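Structural characterization, general
Chain residues, written in single-letter form:
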Amino acid sequence: MAKPKDVIIGVDMGGTSLRTLVVDAANKILAVEEIPTRVGQKPDAIVADVAAMVRRAVVRAGVKRSNIRAVSIGVPGAVDPRRGIVHAAPNLGWKNFPFGPKLKALLRVPIYVENDVNVGVVGEHALGAGKGTRELVGIFPGTGIGGGLIVGGKLYEGCRGSAGEVGHMILQVDGPRCGCGRRGCAEALASRTAMERDVRAAIRAGEPSLVLRIMKERGKDRMTSSVIQRALKKKDPVMRKVLKRAQHYLGLLVASVVNLLDPECVVIGGGLAERLGEDYVGPIRAAAYLHFLNPRDKARIKIVAGRLGDDAAPLGAVVLARQRLRQRRRR
Ligand SMILES: [Zn+2]
């Protein structure tokens, strides 16, 4: 068999695990590697982990080093893609860290450093739920609420590279405190963190709920997507109420971005959308429709769950790297 050429490696730097895909020119995944993120380690130790993981993945895929065009990485935080610098990635404990140059010194191939949600949105647009659309908004509710925009078929980055932060659109003036320090952002009302805060408040107020017991049974100190799914299966009244409220706010958020951009597709990604599917997205869609300024042909705007799961970010990183390599060749 001929060895695959034009291979790009996509990496997703999560706060709990690092995931690597080796991908050929037809976007076929040749190998997958995943390792836990050693949070608390020095940044250089994590860079070494990434380099070792990438090398293992390349060996497993049976790809010659000379056929690797680039390694492209999604990082949870603010980055400067041009210089490969991570301005701030709180989950990794990084600040103004020259990740791209450091990794390049170890792997000696072109390195692209991108925001993880942006690459996730590129992945869903190119290969997942938003395939074939020109305008798309990605919303990824999780610990926070990440977002990204595709305009004219391409990632829209804004003049400072910080576009698409739909999670910090303000839905409630003077509302609850957000992770960003401000008040009333969508993230403070509808992220998993916001839902956990509301569940705990309801329990403190004496409402009966199984959520804390489920967390204990599963050895979780946070209300993860799997805990939420289990509580819903048990018809936990607090969980149902809190989820409904989060879906209402997410519906307002979707409607606001639709009123602004009129995109063909809104992809709701992340763990909850993946686990609950239509049970999660359906009520969000219904709430959104009620707040469309233009209700005509509303079903033309697809509001759907992401399809690629954990592969959205690393695959999107690969797609984006290919675009950047093409641009470089043209210059
Ligand atoms: Zn915020």
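For the structure, see preceding data.
Report on the accompanying structure. (Residues numbered from 1 in each chain as written. Predicted model: local features only at pLDDT ≥ 70, side-chain atom pairs only at ≥ 80, totals over all residues. Heavy atoms only, no water.)

**Concerning the nonpolar core**
Side chains of a nonpolar character, in soluble globular proteins, are inclined to be buried together. Core analysis: the largest hydrophobic core is formed by 45 residues, its most contacted members being Ile268, Tyr280 and Ile303. Counting residues per element, this core draws most heavily on helix α8 (residues 237-261), which supplies 13 residues. Setting aside residues no more than four positions away along its own chain, Ile268 makes contact with Ile139, Pro141, Val254, Ala273, Tyr280, Val281, Ile284, Ile303, Val304, Ala305 and Gly306. In this structure, Ala31, Ile46, Ala89 and Val109 belong to the second largest nonpolar core, which totals 34 residues. (Core = buried A, V, L, I, M, F, W, Y, C linked by side-chain atoms within 4.5 Å. Buried < 20%, exposed > 50% of the residue type's maximum accessible area, 1.4 Å probe, protein only. Helix = DSSP H or I, 4+ residues; strand = E, 2+ residues; numbered from the N terminus. Contact = heavy atoms within 4.5 Å.)

**Concerning the side chain of Glu187**
Considering the arrangement of structural elements, one finds Glu187 in helix α4 (residues 186-190). Among the polar contacts listed, one links the side chain of Glu187 to the side chain of His168, at a separation of 3.2 Å. Among residues more than four places away in sequence, those in contact with Glu187 are Gly144, Ile145, Gly167, His168, Cys178, Gly179 and Ala194. (Polar contact = N/O pair within 3.5 Å; in protein donor to acceptor, adjacent residues only side chain to side chain.)

**Observations regarding the sheet that holds strand β12 (residues 265-268)**
Ordered in space as β11-β10-β9-β12-β13, the 5 strands form an open sheet in which the pairing is mixed. Here the strands that pair on one side only, and so sit at the sheet edges, are β11 (154-155) and β13 (302-305). Relative to strand β10 (residues 145-151), strand β9 (residues 136-141) is paired through 6 bridges, and the arrangement is antiparallel. Counterpart to Leu136 in the pairing with β10 is Ile150. Helix α10 (residues 278-290) contacts β9, β12 and β13 of the sheet and is inclined by roughly 160° relative to β13. (Pairing = 2+ DSSP bridges. Axes fitted to C-alpha atoms, helices over the stretch in contact; angles between N-to-C directions.)

**So, the layout of surface pockets**
Approximately 470 Å³ is the volume attributed to the second largest pocket. Listing elements by their share of the lining of the second largest pocket, those giving two or more residues are α2 (99-107), β8 (111-115) and α11 (312-330). When grouped by side-chain class, the residues that make up the lining of the second largest pocket number 6 nonpolar, 3 polar and 8 charged. (1 Å grid on protein atoms, 1.4 Å probe; cavity = no way out; pocket = protein on both sides within 12 Å on 5 of 7 lines; lining within 4 Å. Points joined across faces, edges and corners; volume = space filled by probe spheres on them. Nonpolar A, V, L, I, M, F, W, Y, C, P; charged D, E, K, R; others polar.)

**Digging into the packing of aromatic side chains**
Under the criterion given, the structure shown has 4 aromatic pairs. Between Phe97 and Phe99, the aromatic rings sit 6.4 Å apart at their centres with planes inclined by 25°, giving stacked as the arrangement. Among the residues examined, Phe97 registers a relative accessible area of 8% and is labelled buried. With relative accessibility at 0%, the residue Phe99 sits in the buried group. Aromatic pair Tyr289 and Phe292: ring centres 5.4 Å apart, planes at 80°, arrangement edge-to-face. Side by side, Tyr289 and Phe292 carry an identical accessibility label, which is buried. Joined through ring pairs, the aromatic side chains of Trp94, Phe97 and Phe99 make up one cluster. (Phe/Tyr/Trp six-rings, centres within 6.5 Å; stacked < 30°, edge-to-face > 60°.)

**Some points on the sheet that holds strand β6 (residues 85-89)**
In space, the 3 strands of this open sheet follow the order β5-β6-β7, with antiparallel pairing throughout. If you trace the sheet from one side to the other, it starts and ends with β5 (78-80) and β7 (94-97), each paired once. The sheet shows a mean angle of 15° between the axes of neighbouring strands, taken without regard to direction.

**Quick word on the coordination of the zinc ion**
Taken together, the protein ligands of the zinc ion are His168 (ND1), Cys178 (SG), Cys180 (SG) and Cys185 (SG), with distances of 2.0 to 2.4 Å. Taken together, the 4 donor atoms coordinating the zinc ion span angles of 105 to 118° at the metal, a pattern that classifies the geometry as tetrahedral. Counting residues between consecutive donors of the zinc ion along the chain gives the motif H-x9-C-x1-C-x4-C. Here the residue His168 occupies a position in the loop between β11 and α4, and Cys178 occupies one in the loop between β11 and α4, the gap between them amounting to 10 residues. Owing to a relative accessible area of 27%, His168 belongs among the partly exposed residues under this scheme. (Donors = N, O, S within 2.8 Å, 3.2 Å for Na, K, Ca; no water. Tetrahedral: all angles 85-135°; square planar, octahedral: opposite > 155°, others 65-115°.)

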